[in-house]
Amino acid sequence: MSCDCRCIPTPQSIYDDDEIDVFEEIIPDSDDYYDIMRQALWENYALRGIGNCDIAYWIKAMRLRYYQIRTEYGVKFKAVDEWLTQMANNVIDMAESSSEYSTKTENEDTPDNPQGSTVYLSDRNTVTYNGKSYSGLSSETVSRFIETVPDIKRMFADEFRKQFYHGI
């Protein structure tokens, strides 16, 4: 498909007209999280005009941009994936801080003739403390927690914003 400058091609129109999935051309199947990355680009740019009428040139430019950020985002996707997996198996804890300690108090009643290192306890008291700190209303805590969950797909897609036509 060539651009006649009246209609700017989009990833969807390229797929419909030429049966080329441009995001498959950009992100290889051999990369970790390739499916999530492609999905992020489809969700954000399927109907957005590409930044150059020469589709082959534009794909090369997109591929170069991808290679510039792929190591960084490979690590980010892995970190978020591991965090989400961990969170799925546990109760979400929104405490700002926590502390835990255990103290043991022992009183000894030593006889007049103790036998070696034998201990003669008359009293033992063990205290265990588990505490968490929360500040503000519970709704504020939940709001702060939600704001810190990264939208890694959006961050990845934003890396390609300059490769697309700015108008819509």
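Predicted, not measured: the structure shown is a model, and the values here were computed from it. (Residues numbered from 1 in each chain as written. Predicted model: local features only at pLDDT ≥ 70, side-chain atom pairs only at ≥ 80, totals over all residues. Heavy atoms only, no water.)

(A) Here's a closer look at the environment of Tyr45. For Tyr45, the position within the fold is in helix H3 (residues 34–45). Each C-alpha atom, one on Tyr45 and one on Ala157, is 8.4 Å from the other, the two residues being 112 residues apart in sequence. Discounting residues that sit within four places of it in the chain, Tyr45 has contacts with Pro11, Phe23, Ala157, Asp158, Phe160, Arg161 and Phe164. Within the local environment of Tyr45, its side chain forms a polar contact with the backbone oxygen of Ala157, the two atoms lying 2.7 Å apart. (Helix = DSSP H or I, 4+ residues; strand = E, 2+ residues; numbered from the N terminus. Contact = heavy atoms within 4.5 Å. Polar contact = N/O pair within 3.5 Å; in protein donor to acceptor, adjacent residues only side chain to side chain.)

(B) Local environment of the packing of aromatic side chains. Evaluated as defined, the whole model comprises 11 aromatic pairs. Consider the rings of Tyr45 and Phe164, whose centres lie 4.0 Å apart with planes at 5 degrees: the pair is stacked. On the criterion of sequence distance, the pair formed by Tyr45 in helix H3 and Phe164 in the segment after helix H6 (152–158) is long-range, its members being 119 residues apart. An identical accessibility class is assigned to Tyr45 and Phe164; each is buried. Ring centres 5.8 Å apart and planes at 50 degrees place the aromatic pair Tyr66 and Tyr67 in the tilted group. Taking the relative accessible area as the measure of exposure, Tyr67 reaches 40% and is therefore partly exposed. Site record: aromatic cluster; members linked through ring pairs are Tyr33, Tyr66, Tyr67, Tyr73, Phe77, Phe156 and Phe160. Taking the ring centre of Tyr73 as reference, the NZ or CZ of Lys76 above it sits at 4.6 Å. (Phe/Tyr/Trp six-rings, centres within 6.5 Å; stacked < 30°, edge-to-face > 60°. Buried < 20%, exposed > 50% of the residue type's maximum accessible area, 1.4 Å probe, protein only. Lys NZ or Arg CZ within 6 Å of the ring centre and 35° of its normal.)

(C) Region of interest: the pattern of salt bridges. Counted according to the given criterion, the structure contains 7 salt bridges. Between Arg38 and Asp29 there is a salt bridge, and its shortest N-O distance comes to 2.4 Å. Take Asp29: its relative accessible area is 51%, and that puts it in the exposed class. We note a salt bridge from Asp31 to Arg70, for which the minimum N-O separation is 3.8 Å. Highlighted residues: Asp31 in the loop between helix H2 (22–26) and H3 and Arg70 in helix H4 (residues 55–89), separated in sequence by 39 residues. On the basis of relative accessibility, which here comes to 14%, the residue Asp31 falls in the buried class. Using a relative accessible area of 32% as the deciding quantity, one classes Arg70 as partly exposed. (Salt bridge = Lys/Arg side-chain N within 4 Å of Asp/Glu carboxyl O.)

(D) Just the side chain of Asp21, in detail. Mapped onto the secondary structure, Asp21 falls in the loop between helix H1 (11–18) and H2. Of the side chains with opposite charge, Arg38 comes closest to the buried, unpaired Asp21, at an N-O distance of 6.0 Å. A polar side-chain atom of Asp21 sits 3.0 Å from the main-chain amide nitrogen of Phe23. Leaving out residues up to four positions away in the same chain, Asp21 has contacts with Tyr15 and Trp42. (Lys, Arg positive; Asp, Glu negative; His and termini not counted.)

(E) Just the side chain of Arg38, in detail. Here Arg38 lies in helix H3. For Arg38, the contacting residues outside a window of four places in its chain are Phe23, Glu24, Ile27, Pro28 and Asp29.

(F) Quick look at unusual backbone geometry. Within the chain, Glu19 stands out as a residue other than glycine whose phi angle is a positive 55 degrees. Relative to the assigned elements, Glu19 resides in the loop between H1 and H2. Positive phi values are uncommon outside glycine, yet Tyr33 reaches one of about 65 degrees. Structurally, Tyr33 can be placed in the loop between H2 and H3.

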